[in-house]
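Here is how the chains run, residue by residue.
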Amino acid sequence: MSQENTNWRRAFATGLMAGSALTAATPALAQQAQGAGAANDGVIIVTAQKRAQDLQDVPVAITAMGTEKLDELQVNDLQDAVKFLPSVTIQTLSPGFSQVYFRGVASGENANHSASLPTVGTYLDEMPITTIQGALDIHAYDLARVEALAGPQGTLYGASSMAGTIKMVTNPPDYSGSYGAMDVELNTVAHGGLGGTVEGFYNARLSDSAALRLVAWYRKDAGYIDNIAGSRTYPSGGFVQNNAALVEDDYNDVDTYGARLALGIELNDSWTVRPTVMGQVQTANGSFAQERSSAVTGDLQTVQYNPEYSKDKWLQAALTIEGKIGNWDLVATGGHLWRKDRVNSDYSDYAYFYDALYGYGAYFYDNNYDLVSPNQYIEGGDRYKRMFGEIRVSSPQDAPLRFIGGVFAQRQHHKILQNYIVDGIADFNVVPGTASDIWLTRQNRTDRDYAAFGEISFDVTDKLTLTGGARVYRYKNSLIGFFGYAQNFSSRTGVSACFTTDGTPLNQNPGGTLAAPVVPGTPCTNLDKTTADTSAIYKLNATYKITPDVLVYATWSQGFRPGGINRRGTLPPYGPDKLDNYEFGWKTRFGPVTFNGAIYQEDWSDIQLSFLGENGLTEIRNAGVARIRGIEADFNYREGGLTLTLSGSYNDATIRRDFCVIANPDFDCTFDPGDGRTNGLLAPSGSQLPVTAKFKGNAIARYEFPLGAWEGHVQGALSHVGKRRSDLRTFENNLKGFFGAYTTFDMSFGVKKDNLRFELFATNLFDERGVINSGVQCLETTCGDPDGLSNTGGVFYDYVIKPRIVGIKAGFDF
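Rules of the game
Every chain begins its residue count from 1, and numbering advances along the sequence as written. Totals for whole chains, interfaces and linings use every residue, but because this is a predicted model, local features are given only for residues with pLDDT of at least 70 and side-chain atom pairs only at 80 or more, for both listing and counting. In computing side-chain properties, one takes all heavy atoms of the structure into account and sets aside hydrogens as well as water. The rule for pairing is simple: two strands pair if DSSP sees at least two bridges between them. Helix and strand definitions follow DSSP, with helices as H or I runs of at least four residues and strands as E runs of at least two, each counted in order from the N terminus. Among buried residues, those of type Ala, Val, Leu, Ile, Met, Phe, Trp, Tyr and Cys that are joined through side-chain atoms within 4.5 Å constitute a nonpolar core. Each residue's exposure class comes from its accessible area (1.4 Å probe, protein chains only) as a fraction of the maximum for that residue type: buried when under 20%, exposed when over 50%, partly exposed otherwise. Contact between two residues is taken to exist if any of their heavy atoms lie within 4.5 Å; hydrogens are not considered. For this analysis, a polar contact is any N or O atom pair within 3.5 Å, provided that within protein one partner can donate a hydrogen and the other can accept it, and provided that sequence-adjacent residues contribute only side-chain to side-chain pairs. Here an axis means a line fitted to C-alpha atoms, over the contact stretch when the element is a helix, while the angle between two N-to-C directions is reported on a 0 to 180 degree scale. Aromatic pairing here means that ring centres of Phe, Tyr or Trp (its six-membered ring) are within 6.5 Å. Orientation follows from the plane angle: under 30 degrees is stacked, over 60 is edge-to-face, and everything else is tilted. Should the NZ of a Lys or the CZ of an Arg lie within 6 Å of a ring centre and within 35 degrees of the ring normal, that charge is described as sitting over the ring. A pair of cysteine sulfur atoms is labelled a disulfide when the two atoms are within 2.5 Å. Using only the protein atoms, space was sampled on a 1 Å grid; points where a 1.4 Å probe fits but cannot get out form cavities, open sets with protein on both sides within 12 Å along at least five of seven lines form pockets, and lining residues are those with an atom within 4 Å of a point. Grid points are joined across faces, edges and corners, and a volume is the space filled by probe spheres set on the points. Only Asp, Glu, Lys and Arg are considered charged, only Ala, Val, Leu, Ile, Met, Phe, Trp, Tyr, Cys and Pro nonpolar, and every remaining residue, Gly among them, polar. Only residues whose relative accessible area exceeds 30% and that form no salt bridge are eligible for patches; like-charged ones are grouped when within 9 Å, while nonpolar side chains (Val, Leu, Ile, Met, Phe, Trp, Tyr) are grouped when within 5 Å. Shrake-Rupley sampling with a 1.4 Å probe provides the accessible areas, and residues are treated as covered by the protein chains on show and by no other component. Just to be clear on terms, a salt bridge is a Lys or Arg side-chain nitrogen sitting within 4 Å of an Asp or Glu carboxyl oxygen. Positive charges come from Lys and Arg, negative ones from Asp and Glu, while His and the chain ends are left out of the count. Every charge is mapped to an atom, namely NZ of Lys, CZ of Arg, CG of Asp or CD of Glu.

Visitor: Explain the sheet that holds strand β3 (residues 62–66) to me, and be specific about the residues and the numbers.
Guide: The mixed open sheet is built from five strands, whose spatial order is β3-β8-β9-β6-β7. Edge positions in the open sheet fall to β3 and β7 (127–128), since each of these has one partner strand only.

And the structure:
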């Protein structure tokens, strides 16, 4: 029972990378970042290596977008930012539920609550904020910059930074004076409604050594998906279902509001304390997917029979202390993140197609043995609590031998709740302790990570620097609780698989007594597993400065992702997977031109491959080997009022061994385990990794000019994403199809004078329907009708980028 969640570009690339046979780049889209950002000469200061450096001096593939650039590109959230990060891909189901990928390192994870951790780490200032269901959907206002670090960052950033790291750095309190800003926006979305934003900040100078910064925002994203009228008849009982009460145009609107309060205190010339509190509430209505066009639905339409809704609330409190011990720098930072979400989802497609194929609805009756409608829906909720701490020291940066190192610890606790509900069913089919659950998932997941890390750099000459780094880590992850049916509904899962007092499952000890439940709200416990490992990862780098403005580097670095628990009791825990990165890059600045590049090969071993197994439960195995060969490039020109940016990446990411139904050391899909299971080929060697395109690129042109007493600007931004596989597995990819290539174009025109500014803008001007994710509700082995018209075909959903948005912005400083 599936009860768990679900030749112009070549010319462009060639032209972009011309001048070298093997060139690629660390994209540097950055503008002058405010606060800790950049000086007026265009120097961009970043903290990718946990110390302030000129981006052009950092031998890492890094993109940085500062405050002004984020505003110029109409960036409101992480999805908007990823549009202009060529090495990064984002896959989303709805606001607050997104997965981020770097350089094609993606195997098609379903972000299930009990599945693998992400391959990309996300940081808010110094604090890791990655949760199992993706990065926080932070509203992008008053950010000093967004830094995207491509490739393994495991030495300094640790677990789940295997493929890369994204850092969102806020503007700190400023002791120099009191000032603020207010910005408003009104917009309209094509085929949808009206939206807008009100946001502002105030920096209060309290004294020569203390300042307070308050930031607040409210954003309304208009809906654009229509839930149209529909009806269906369940074959077994003849129940007719319609959605008349839920029919609504533009029903996927979103409200987001939040605030940040930061205090900065210089205790003396050597020590600074910065406590910060930040929180956000985001409410999303409806579904963000359109059904594939059929006789019933059209563009941006769907037919949903149960309420769809999510509310995501989070609060972060962090403290950073910086100081000096002698001539060494010390940073001590820690924080706490609380996150709570509530989700309602329509699951009636699954119920309908299961009934049509197997007569599933005949099993649902009430206490009088009268059939009830098999309509099914999900009411779910998650509670996260994350704590972290890090202490690191660094030696003087002007010495020929330099060191940075420290210790790190974090713990994330995730309380999982999912109620799969069929109203009115008989009491003996209800999961004990619930109102009308046919299936209950209620578990506690805990992920722990401890590490000691360090890097040593030595200037062999005034041009050549060698760096070596290591991170010794230990993780310990556990999963405990209940999932499944009532005992009378299934003899294999749910209550029937719960532990008795002697430790054996009830279905192996029918006369036994159930042990008391460990997780409150569950009838009993049928899952209690822990996995742990201790190991190390390493990094080597050589950097050579040909001139003060031309740098080349070669890097070997490693990243890892912790292992975890398979919920199915017969499956062992899955181990960590690892990425080895071999990279050659360069950074150059010639007057108004910067050109940065990198080429790389990444070897991904012991891939944590996830797929839906028996009863629709996610299964994860270390069953894959992949290789990614890529190139990324960034070209910037800035002279007078003209700024031109070209950036792009090309990734050839393929698996190097057959992916089999039954994992075995020889990757032999004819291997017979001798236990009655049937092997088979899921994906042959050479298959492209899913989700990410081979080519992604951007072109941005901006011209600033005097307009009477005002300063004017006009800007155009082009973004292209190539064709992508929807799934690694051949059958599923053929079923859901490839995601087609798409290109978007944004424009803006604005003026500013003194403390006033106004801008007209349009994003996705030509109203493209780029698909970034897809899903289907059906029985995976019988899905086959892409229009969802047959009784057992399934309904296919495509999650598309936002339609054209046209708006006006106004702001003033005070």
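Visitor: Any details on the nonpolar core? Residues and values, ideally.
Guide: Core analysis: the largest hydrophobic core is formed by 75 residues, its most contacted members being Phe-102, Ile-129, Ile-138, Trp-604, Phe-659 and Leu-689. Among the elements that make up this core, the one with the highest residue count is strand β8 (residues 143–150) (five residues). Among residues more than four places away in sequence, those in contact with Ile-138 are Asn-76, Asp-77, Leu-78, Leu-124, Ile-129, Met-168, Met-278, Gln-280 and Trp-314.

Visitor: Quick one: what's the story with the side chain of Thr-272, residue by residue and with numbers?
Guide: Among the secondary structure elements, Thr-272 is positioned in strand β17 (residues 272–285). Here Thr-272 falls in the buried class, since its relative accessible area comes to 18%. The residues touching Thr-272, leaving out its near neighbours within four places in the chain, are Tyr-175, Ile-265, Glu-266, Thr-320, Ile-321 and Glu-322.

Visitor: Explain the side chain of Arg-339 residue by residue, including any values.
Guide: The topology assignment puts Arg-339 in strand β21 (residues 328–346). In this structure the side chain of Arg-339 is engaged in a polar contact, spanning 2.9 Å, whose partner is the side chain of Asp-312. Not counting residues up to four positions away in its chain, the partners in contact with Arg-339 are Gly-96, Thr-131, Gly-134, Leu-136, Asp-312, Lys-313, Trp-314, Asp-382, Arg-383 and Tyr-384.

Visitor: Kindly report on the sheet that holds strand β18 (residues 289–291), identifying the contributing residues and their values.
Guide: Here three strands make up an open sheet; going across it, the order is β18-β41-β40 and the pairing antiparallel. Of all strands in the sheet, those bounded by a partner on one side alone are β18 and β40 (771–777). Strand after strand, the sheet turns through a mean of 30° between neighbouring axes, direction not considered. Here three bridges tie β18 to strand β41 (residues 795–800), and the two strands are oriented antiparallel to one another. Following the sheet pairing, Gln-290 is matched in β41 by Asp-798.

Visitor: Give me the lowdown on the packing of aromatic side chains, citing residues and values where you can.
Guide: Any pair of aromatic rings gets described here by the distance separating the centres and the angle formed by the planes. Scanning the entire structure with this criterion turns up 28 aromatic pairs. Ring centres of Tyr-179 and Phe-201 lie 6.1 Å apart, and the angle between their planes is 85°; this geometry places the pair in the edge-to-face category. Of this pair, Tyr-179 sits in strand β10 (residues 179–189) while Phe-201 sits in strand β11 (residues 194–207), and the two are 22 residues apart along the sequence. An angle of 50° between the planes, with centres 6.2 Å apart, marks the rings of Trp-710 and Phe-758 as tilted. Of this pair, Trp-710 sits in strand β37 (residues 710–721) while Phe-758 sits in strand β39 (residues 756–763), and the two are 48 residues apart along the sequence. For Phe-758, a relative accessible area of 38% gives the class partly exposed. Positioned over the ring face of Phe-483 is Arg-567, at 5.0 Å from the centre of the ring.

Visitor: Go over the state of the cysteines, please, and point to the residues and values.
Guide: Counted according to the given criterion, the structure contains two disulfides. Two residues share a disulfide in this structure: Cys-498 and Cys-524, whose sulfurs sit 2.1 Å from each other. Taking the sign of the S-S torsion, about 70° here, the bridge from Cys-498 to Cys-524 comes out right-handed. Taken together, the residues span a long stretch of sequence, with Cys-498 in the loop between β25 (464–484) and β26 (527–547) and Cys-524 in the loop between β25 and β26 at a distance of 26 residues.

Visitor: So what's going on with empty space enclosed by the protein? Residues and values would help.
Guide: Take a probe with the size of a water molecule and roll it over the atoms, and the empty space left behind shows itself. Approximately 190 Å³ is the volume found for the second largest cavity. Taken together, 22 residues line the second largest cavity, and the ones lying closest to its centre are Val-60, Pro-152, Gln-153, Lys-539 and Ser-557. Across the lining of the second largest cavity, the residue classes break down as ten nonpolar, nine polar and three charged.

Visitor: Got a sec to walk through a positive patch on the surface? Specific residues and values, please.
Guide: Where like charges cluster on the molecular surface, the positive patch consists of Lys-313, Lys-340, Arg-342, Arg-383, Lys-385, Arg-411 and Lys-415. Listed by contribution, the elements that provide at least two residues to the positive patch are β21, β22 (377–394) and β23 (401–421). On the secondary structure map, Arg-383 appears in strand β22.

Visitor: Explain helix α5 (residues 348–358) to me, using residue names and the numbers behind them.
Guide: Among the eleven residues in α5, eight count as buried, and that is most of the element. Within α5, burial applies to Ser-348, Asp-349, Tyr-350, Ala-351, Tyr-352, Phe-353, Tyr-354 and Asp-355. Of the surrounding elements, those touching the buried residues of α5 are β14 (231–233), β15 (240–242), β21, β40 and β41. Just downstream of α5, Gly-359 is the residue with a positive phi angle, here 65°.

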